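# A structural walkthrough
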Amino acid sequence: MSASQKQNTRPVAKKITPQEFAEQFAAIVPQVKSVLPAHVTFEKFERVVRLAIRKNPDLLACSPASLFMACIQAASDGLLPDGREGAIVSRWNSKKSCSEASWMPMVAGLMKLARNSGDIASISSQVVFEGELFRVVLGDEERIEHERDLGKTGGKIVAAYAVARLKDGSDPIREIMSWGQIEKIRNTNQKWSWGPWKTWEDEMARKTVIRRLAKRLPMSTDKEGERLQSAIERVDGLVDISAAVDAPQIAADDDFAAAAHGVDPQQIAAPDLIGRLAQMHSLEQVQEIEPQVSQAIQEADERGDSDAANALDAALQSALSRTSTAKESVPA
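Residues numbered from 1 in each chain as written. Predicted model: local features only at pLDDT ≥ 70, side-chain atom pairs only at ≥ 80, totals over all residues. Heavy atoms only, no water.

## Description of the pairing of strand β6 (residues 157–166)
- Buried residues dominate β6, accounting for eight of its 10 residues.
- In terms of strand pairing, strand β3 (residues 120–129) meets β6 through nine bridges, oriented antiparallel. In the sheet register, I123 faces β6, and the bridge partner there is A164.
- Where β6 lies against strand β7 (residues 173–178), six bridges are found, and the strand directions are antiparallel. Along β7, the bridge assignment pairs A164 with I173.
- Between β6 and β7, which pair antiparallel and follow one another directly, the connecting turn spans six residues, one of which, G169, has a positive phi of 80 degrees. (Buried < 20%, exposed > 50% of the residue type's maximum accessible area, 1.4 Å probe, protein only. Helix = DSSP H or I, 4+ residues; strand = E, 2+ residues; numbered from the N terminus. Pairing = 2+ DSSP bridges.)

## What to know about the environment of A160
- Among the secondary structure elements, A160 is positioned in strand β6.
- Distance from A160 to Q126, taken between C-alpha atoms, is 5.7 Å for residues 34 residues apart in sequence.
- Beyond its immediate sequence surroundings of up to four residues, A160 is in contact with Q126, V127, E175, I176, M177, I182, A205 and V209. (Contact = heavy atoms within 4.5 Å.)

## Concerning the sheet that holds β6
- Sheet architecture is open: three strands sit in the order β3-β6-β7, paired in antiparallel fashion. Two strands close off the open sheet at either side, each with one partner strand: β3 and β7. Strand-to-strand, the axes of this sheet are offset by a mean angle of 10 degrees, without reference to chain direction.
- Taken strand by strand, helix α7 (residues 179–186) contacts β6 and β7, and its axis lies near 80 degrees from that of β7.
- Packing of helix α9 (residues 201–214) onto the sheet brings it into contact with β3, β6 and β7, and relative to β6 it is tilted by some 45 degrees. (Axes fitted to C-alpha atoms, helices over the stretch in contact; angles between N-to-C directions.)

Written out as structure tokens, the structure reads:
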């Protein structure tokens with residue numbers, strides 16, 4: 001039997017419902033709160049987790065233990081599973097014959113942790129596409145020269161590099177990797193073609209070079225430095241995963257993806273949505289408007305309007321709970 005045939009014969013896992021997820025998530029709230037850094041409120045973290053689940057409902061088919069552990073790991077790293085700082089992804093564990101959730105720190109998350117670690121002023125990473133001007137100057141005055149050619153963007157990647165500047169004003173720390181070097185690391189996962197390398201090739205290439213650079217950076221001994229080191233170790237662990245990794249499929253109209261590319265989602269009035277949710281009597285009605293409410297919650301978080309985000313989230317949870325209970329009580 002071929003690998004593709006084996007993949008198609010995977011047993012269908014029983015999904016937990018969103019309500020069951022919320023009930024079981026409540027059990028790990030003390031752990032989440034105990035590891036979250038002060039600058040990330042629990043309310044915001046919980047909202048983003050719920051939004052991530054709504055965006056990728058296949059996560060509910062993962063083993064609950066792995067899903068909640070991924071949430072705790074994200075909180076411990078001080079990052080949000082929003083598709084920018086990091087993502088909770090589903091992977092198939094062939095040994096256990098089940099889907100498991102994994103926490104995957106992303107480029108923006110690693111750069112955020114590096115900046116928060118105390119010694120780093122800024123950090124950046126880019127991929128180089130075939131045909132772009134790219135020059136590495138060595139010797140007494142080392143530097144990288146790279147001109148982005150928008151006409152080449154999205155083509156074949158030939159290299160990636162990362163640059164960190166320290167707060168003490170010393171020379172930048174650089175890391176450059178050819179595509180051959182990146183491929184060598186990628187190929188340690190024999191099933192890379194089923195995972196995020198296939199979906200997010202440029203993201204994974206940038207993360208690979210940042211991970212190598214980060215190992216040369218000064219690591220502070222405070223909690224933020226520990227978070228950076230922990231996130232790097234998690235990424236190292238993901239590289240070595242031999243099971244198939246199912247990367248989250250982000251649709252073109254996904255507001256996580258839109259925000260990541262600097263696109264402002266359509267403005268939606270929170271009071272209007274809250275009022276509409278309060279008047280709904282069927283689960284189907286609530287599910288139909290749920291994407292709009294999720295988008296509005298994300299917009300409120302982006303604006304720093306936690307009151308609006310909390311009110312929208314509470315209204316959505318109340319409507320889902322109310323209509324789900326009503327549907328279950330209707331006789332067959």
